[in-house]
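Coordinates in review
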Amino acid sequence: MAEEEEAAARTEKVIRIQRVFINLLDSYSSRNIGKFLSNSVVGASLEEITEEEEEHGEDKSAVPEASSANLKEGTFQIVGTLSTLETPCPSFAVETYYAISREDLLMHLLECDVIIYNITENPQQVEEAIWAVSALNEEISHFEKRKVFILVSTVMTWARSKPLDPDDSEIPFTEEDYRRRKHHPNFLDHINAEKMVLKFGKKVRKFATYVVAAGLQYGMEGGILHAFFKLAWSGEVPALPVFGDGTNVIPAIHVLDLAGVIQNVIDHVPKFRYLVAVDEAVHTLEDFVKCISKSTGPGKIQKVPKENAFLTKDLTQEDIDHLLVNLRMETLFVKENFNIRWFAQAGFVENINSILKEYKQSRRLLPIKICILGPPAVGKSSIAEVLSKYYKLHHIKLKEVISEAIAKLEAIITPKDVGEGGEEESEEEEEEENVEDAQELLDGIKESAEQDAGRLEDEYIIRFIKEKLKSMPCKNQGYILDGFPKTYDQAKDLFNQEEEEEEEEARGKMFPFDKLIIPEFVCSLDASDEFLKERVMNLPESIVAGTHYSQGQFLRALSNYRDINTEDETVLNYFDELEIHPIHIDVGRLEDAQNRLAIRQLIREIGEPRNYGLTDEEKAEEERRAAEEQLAKEAMEEAERQHKEAAETAEKIARWEEWSKRLEEVKREEKELLEAQSLPLRNYLMTHVMPTLMQGLNECCKIRPDDPVDFLAEYLFKNNPEMQ
């Protein structure tokens, strides 16, 4: 009966969707845990993993598929907080919250079946985690069903633990030793949070609490090791730094394996409440750095003082503490009781290829490989130079590659003044063989150059170009191959897959090619002969001097290019056969001396850069340049505005003067017109009116009547000449 109830309970767990709260879903660790759980079926870890599933799990990519807006049936329902509004809401999350009050946050927590507080990345979340578990504990009486609280902590709370056996420091700690753990001084708040979480949750049926002490997290976007990946990928240093002697053992775990442990805790609800999440490897700091350097960097490491770690911008104090810890740990309970589909159980070094692949995919660090072809003087090098700066690619020029290769060969055969002591005989023999091979190759190069007036045979050129394309910088960032290969055969020899030459016949005409170095984009520039000749003729003498742009050399090179590209098998045909269709641009028709239109078209075709983006210095420079451009623009606009105002003012003054001048002219004309019109009337008044009026005024003055006006009117009426 009890077994049937337990089976029914498990079935119920599988059927219903569990709501899971995770803090800071926009952080590295929480984001990947949330994404993993959103793709996991509730109760899936209760089933035993078969051998077929294990083999399938080893082959599958560690990158989980992105969740669609619609929830998968039976999967965990993810909600959580965000650290900033600028971060877009994760696609796998049903709800997200930002800067809400503690009262509102508690309401959301009470709606969830599982509450996960991750304090491995943000120490400021420790206080909130303690508050959350305390607040939930006070609400136990109102719980309708059991809630699970999981604190994701760090093994740094074990950093100063005394060895289990003073005579044997290699005995690892396990979960059962958690009461003996001693914390690192900078992680006092973390161990206090662990103790508080373990203090609550004694009523397992209502409220179960767990602590998961995670090792250094790696995988996906990189975590703490991102700083080393970035330094190695960029190729800015000749060797990756190892802080201190590098012999300290660092417990670590893939972030998705940590998510698998949390999934098992949710499904199993185990009685043991303190768990350790680490992989099976025992790796030192030197192991981690050396592995990164060899897989994607310069291949070398350099031990530097521990204090140098503080000079690394991408490392925080907590990160440095994790890198310098020396701790051996083993997770017995997890291995014996949980069903985990491990992504990197054997550790970082054993799984570096898959880890590196998911790291580059997560950060879109995919190489851009471009080949630019065309006749001489069409602008290949100038366009390649601009694109290499825009996309941060390696501009591969034929002459530079040959010079660099010869210099390396000469450096190999140059006898060393001081031999390295303690070197094994096999290494000495190998070095002698390298010197002999280098000398033989160098002799062949010199002989080839002497026979063909300084020009090397295709065999050597292709060898050097292929070595360059397979170099780590080109594999990381990509390249722009400038003006090579020129012929079908050169392209075939350069890009063919050497290991699979035997399969060529079986595949018919589709010969195997090396996917590692084959270009992704091929650009074919062209222009008419007249346009190219005119362009060369207009070049300054200082540019033409010492190049193949002198009249005779240029015409020969142009004629040779046209002859090669009129054959049935051209270099462009080679790429067409591989379904890499060239981007054709007629530079002559664009009529742009700076090739800006061609560059713009290529950028549209190629797309956005695939790198880390701008560094802090480049961002500051970009902001400074933008500010200067804005100031210059504002100054230009201000000057233009002032010039416009001055012009308008001058125009107003000119119009006012012209209007005043016209007004005076109109007044003068009106005056003259009035005077001309008033002349007949004046003559009439002087002849017929004024004499009588003067007489009347004289009489008025003599008589001085009481009413002079009436008297004058009467006088004029009586003495009107017309009346008489």
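See the structure printed just above.
Here is a short report on the structure shown in this document. (Residues numbered from 1 in each chain as written. Predicted model: local features only at pLDDT ≥ 70, side-chain atom pairs only at ≥ 80, totals over all residues. Heavy atoms only, no water.)

**Comments concerning the overall build of the protein**
Broken down by element type, the protein carries 26 helices and 16 strands. Counting every position in the protein, which comprises 724 residues, the buried fraction comes to 42%. Sequence-distant contacts in the protein: of pairs separated by 6 or more residues, those separated by 24 or more amount to 78%. (Helix = DSSP H or I, 4+ residues; strand = E, 2+ residues; numbered from the N terminus. Buried < 20%, exposed > 50% of the residue type's maximum accessible area, 1.4 Å probe, protein only. Contact = heavy atoms within 4.5 Å.)

**Re the environment of isoleucine 22**
Position of isoleucine 22 among the secondary structure elements: in strand 1 (residues 19-22). Isoleucine 22 gets classed as buried once you look at its relative accessible area, which sits at 1%. Beyond its immediate sequence surroundings of up to four residues, isoleucine 22 is in contact with Ser30, Ile33, Gly34, Leu37, Ile78, Val79, Gly80, Thr81 and Ile116.

**So, the packing of helix 14 (residues 398-413) against helix 16 (residues 458-469)**
Viewed as axis vectors pointing N to C, helix 14 and helix 16 meet at an angle of 90°, and their least axial separation amounts to 10 Å. Here helix 14 is positioned roughly perpendicular relative to helix 16, judged by the angle of their axes. Contact residues: Leu398, Val401, Ile402, Glu404, Ala405 and Leu409 in helix 14; Ile461, Phe464, Ile465 and Lys468 in helix 16. When its residues are assigned to classes, the contact of helix 14 with helix 16 shows eight nonpolar, no polar and two charged. (Axes fitted to C-alpha atoms, helices over the stretch in contact; angles between N-to-C directions. Parallel < 35°, antiparallel > 145°, perpendicular 65-115°, else oblique. Nonpolar A, V, L, I, M, F, W, Y, C, P; charged D, E, K, R; others polar.)

**Topic: the side chain of asparagine 23**
Note that asparagine 23 resides in the loop between strand 1 and helix 2 (28-38). Accessibility expressed as a relative area gives 0% for asparagine 23, which makes it buried. Non-local contacts of asparagine 23, meaning those with residues more than four positions away in its chain, are made with Ser30, Thr81, Ile116, Tyr117, Asn118 and Gln125.

**Focus: the nonpolar core**
Counting residues in hydrophobic clusters, the biggest one holds 72 residues, and the most contacted among them are Phe149, Leu225 and Phe348. When residues in this core are grouped by element, the largest group, seven residues, is from helix 5 (residues 125-138). Ignoring any residue separated from it by four or fewer positions in sequence, one finds leucine 225 in contact with Leu216, Tyr218, Phe288, Ile292, Leu323 and Phe348. Judged by nonpolar contacts, the second largest core, of 41 residues, contains Val20, Leu37, Phe76 and Val152. (Core = buried A, V, L, I, M, F, W, Y, C linked by side-chain atoms within 4.5 Å.)

**Quick word on the sheet that holds strand 2 (residues 77-81)**
Pairing in this open sheet of seven strands is parallel, and the strands run 3-2-1-4-5-6-10 from one edge to the other. On the outer flanks of this sheet lie strand 3 (93-97) and strand 10 (274-277), each paired with one strand and no other. Shown here is a sheet whose adjacent strand axes are inclined to one another by a mean of 20°, direction ignored. Its contacts with the sheet put helix 6 (residues 188-199) on strand 5 (147-154), strand 6 (207-214) and strand 10, and the angle it makes with strand 5 is roughly 160°. (Pairing = 2+ DSSP bridges.)

**Here we look at helix 2**
With nine of 11 residues buried, helix 2 is to be regarded as a mostly interior element. Within helix 2, burial applies to Tyr28, Ser29, Ser30, Asn32, Ile33, Gly34, Phe36, Leu37 and Ser38.

**Some words on the sheet that holds strand 14 (residues 478-482)**
Spatially, five strands are ordered 13-14-12-15-16 in an open sheet, and the strand pairing comes out parallel. In this open sheet, the two strands that pair with only one neighbour each are strand 13 (394-396) and strand 16 (583-586). Direction aside, the axes of adjacent strands within the sheet are offset by 20° on average.

**A few points about the environment of glutamate 176**
Relative to the helices and strands, glutamate 176 resides in the loop between strand 5 and helix 6. Separated by 100 residues in sequence, glutamate 176 and valine 276 have C-alpha atoms that sit 9.6 Å apart.

**A closer look at the pairing of strand 12 (residues 368-373)**
Counting buried positions along strand 12 yields six of six residues, so the element is predominantly enclosed. Of the two faces of strand 12, the one carrying Ile368, Ile370 and Ile372 and the one carrying Lys369, Cys371 and Leu373 are both buried. Examined bridge by bridge, strand 12 and strand 14 share five bridges and lie parallel to one another. Along strand 14, the bridge assignment pairs isoleucine 370 with isoleucine 480. Here four bridges tie strand 12 to strand 15 (residues 521-526), and the two strands are oriented parallel to one another. Residue pairing across strands places isoleucine 372 opposite cysteine 523, the latter belonging to strand 15.

**Here's the deal with the pattern of salt bridges**
In total, this model carries 24 salt bridges according to the counting rule given. Where aspartate 113 meets lysine 145, a salt bridge forms, and the shortest distance between an N and an O atom there is 3.6 Å. Of this pair, aspartate 113 sits in the loop between helix 4 (102-110) and strand 4 (114-118) while lysine 145 sits in the loop between helix 5 and strand 5, and the two are 32 residues apart along the sequence. Where glutamate 658 meets arginine 662, a salt bridge forms, and the shortest distance between an N and an O atom there is 2.8 Å. Remark: arginine 662 and glutamate 658 occur in helix 25 (residues 616-703); sequence separation between them is four residues, near one turn of the helix. A relative accessible area of 41% means that glutamate 658 is categorised as partly exposed. (Salt bridge = Lys/Arg side-chain N within 4 Å of Asp/Glu carboxyl O.)

**Details of unusual backbone geometry**
Cis geometry is adopted by the peptide bond preceding proline 485, which originates at phenylalanine 484 and carries an omega value of 0°. The backbone of arginine 364 sits at a positive phi, close to 55°, despite the residue not being glycine. Within the secondary structure, arginine 364 sits in the loop between helix 12 (352-362) and strand 12. The exposure class of arginine 364 is partly exposed, given its relative accessible area of 46%. One non-glycine residue, alanine 377, lies in the positive phi region at around 70°. Within the secondary structure, alanine 377 sits in the loop between strand 12 and helix 13 (380-391).

**Some thoughts on the packing of aromatic side chains**
Scanning all chains against the criterion turns up 21 aromatic pairs. Centroid distance phenylalanine 229 to phenylalanine 348: 6.2 Å. Interplanar angle 55°. Geometry classified as tilted. Pair noted here: phenylalanine 229 is in helix 7 (residues 226-234) and phenylalanine 348 is in the loop between helix 11 (332-337) and helix 12, with a separation of 119 residues, a long-range link. We note that phenylalanine 229, like phenylalanine 348, is buried. A cation sits over an aromatic face here: arginine 102 above tryptophan 131, 4.8 Å from the ring centre. The residue whose ring lies beneath lysine 147 is phenylalanine 143, and the NZ or CZ to ring-centre distance is 5.3 Å. (Phe/Tyr/Trp six-rings, centres within 6.5 Å; stacked < 30°, edge-to-face > 60°. Lys NZ or Arg CZ within 6 Å of the ring centre and 35° of its normal.)

**Quick word on helix 24 (residues 596-606)**
Every buried residue of helix 24 is accounted for by Ala598, Ile599, Leu602 and Ile606. Relative to the axis of helix 24, the buried residues are bounded by an arc of 100° and lie together on one face. In helix 24, the exposed positions that point more than 90 degrees away from the buried face belong to Arg596 and Arg604. Just downstream of helix 24, glycine 607 is the residue with a positive phi angle, here 100°. (Arc of directions from axis to C-beta.)

**Side note on the packing of helix 7 against helix 9 (residues 285-296)**
Viewed as axis vectors pointing N to C, helix 7 and helix 9 meet at an angle of 30°, and their least axial separation amounts to 9 Å. One way to sum up the angle between helix 7 and helix 9 is to call them roughly parallel. The handedness of the crossing between helix 7 and helix 9 is right-handed. Contacts between helix 7 and helix 9 involve Phe228, Phe229, Ala232 and Trp233 on the former and, on the latter, Val289, Ile292 and Thr296. In terms of residue class, the contact of helix 7 with helix 9 is made up of six nonpolar, one polar and no charged. (Left-handed = near helix turned anticlockwise from the far one by under 90°.)

**A look at the environment of phenylalanine 92**
Within the secondary structure, phenylalanine 92 is located in the loop between strand 2 and strand 3. A residue is classified by how much of its surface remains accessible, and phenylalanine 92, at 6% relative accessible area, is buried. With 15 residues separating them in the primary sequence, phenylalanine 92 and glutamine 77 have C-alpha atoms 8.5 Å apart.

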